[in-house]
Amino acid sequence: MALNWKLVIDCTDPIALARFWAAALDYELEDNSVLVDRLVETGAIGPETYVEIDGRRAFRQLAAVRHPDDPVDPASGTGLGRRLLFQAVPGAKRTKNRLHIDLHAGPADREVTVKRLTALGATVLREVDEYGSRHTTMADPEGNEFDVQ
């Protein structure tokens, strides 16, 4: 039986990075306010655990984005399909990623996509033309590397 999964990305500002990736992928920001409210009401978490964004409570140390076509657990707001979870960790990224995301824009749209991502806060690191493939290696606002093909 195949397993469900999510990609977890360590970062210093999960809310800002989730907003970047939601815009980059045209994904939706997860709304976990129902879960956060329930945990606050039961005393399971305190005010140091959440922030208020756009009138709703959100976890301070966690934020996720999900594919807009995938199902959502209504009791928690958690996506049940393709998603990225950003979790706060102390300190900034220091070395090359061991895992990265490849965005498949296609040859005709690669340059336009790179420009759009740069406008969102990404940085172009290098152009790569090898093994019969051409892509742009970029970094998100926290320095996590990804490729646009």
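Here the structure is a predicted model, which means the values were calculated and not measured.

Right, let's get into the sheet that holds strand 1 (residues 7–11). Overall, mixed pairing links the 4 strands, which are arranged 1-6-5-2 in an open sheet. Strands at the two margins of the open sheet, each flanked by one partner only, are strand 1 and strand 2 (28–29). As paired strands, strand 2 and strand 5 (residues 62–66) are joined by 2 bridges and run antiparallel to one another. Across the sheet, the residue bridging to Glu28 is Arg66, located in strand 5. Helix-sheet contacts for helix 1 (residues 14–25) involve strand 1, strand 2, strand 5 and strand 6 (83–88), and the interaxial angle to strand 6 is about 160 degrees.

The next thing to look at is the environment of Gly91. As for its position among the elements, Gly91 is in the loop between strand 6 and strand 7 (101–103). Put simply, Gly91 and Asp10 are 81 residues apart on the chain and 9.8 Å apart in space, counted from C-alpha to C-alpha.

With that settled, consider the packing of aromatic side chains. A full pass over the atoms with the stated rule returns 3 aromatic pairs. A centroid spacing of 5.2 Å and a plane angle of 90 degrees characterise the contact between Phe20 and Trp21, whose relative ring orientation is edge-to-face. Relative accessible area serves as the criterion here: at 2%, Trp21 is assigned to the buried category. Look at Phe20 and Phe146: their rings are 6.4 Å apart centre to centre, the planes differ by 55 degrees, and that puts the pair in the tilted class. You can see Phe20 sitting in helix 1 and its partner Phe146 sitting in strand 10 (residues 145–148), a full 126 residues away along the chain. Per residue, the accessibility class of Phe20 equals that of Phe146, and both read buried.

Criteria and cut-off values
Residues numbered from 1 in each chain as written. Predicted model: local features only at pLDDT ≥ 70, side-chain atom pairs only at ≥ 80, totals over all residues. Heavy atoms only, no water. Pairing = 2+ DSSP bridges. Helix = DSSP H or I, 4+ residues; strand = E, 2+ residues; numbered from the N terminus. Contact = heavy atoms within 4.5 Å. Axes fitted to C-alpha atoms, helices over the stretch in contact; angles between N-to-C directions. Phe/Tyr/Trp six-rings, centres within 6.5 Å; stacked < 30°, edge-to-face > 60°. Buried < 20%, exposed > 50% of the residue type's maximum accessible area, 1.4 Å probe, protein only.

Limitation: the analysis is restricted to geometry and does not speak to function.
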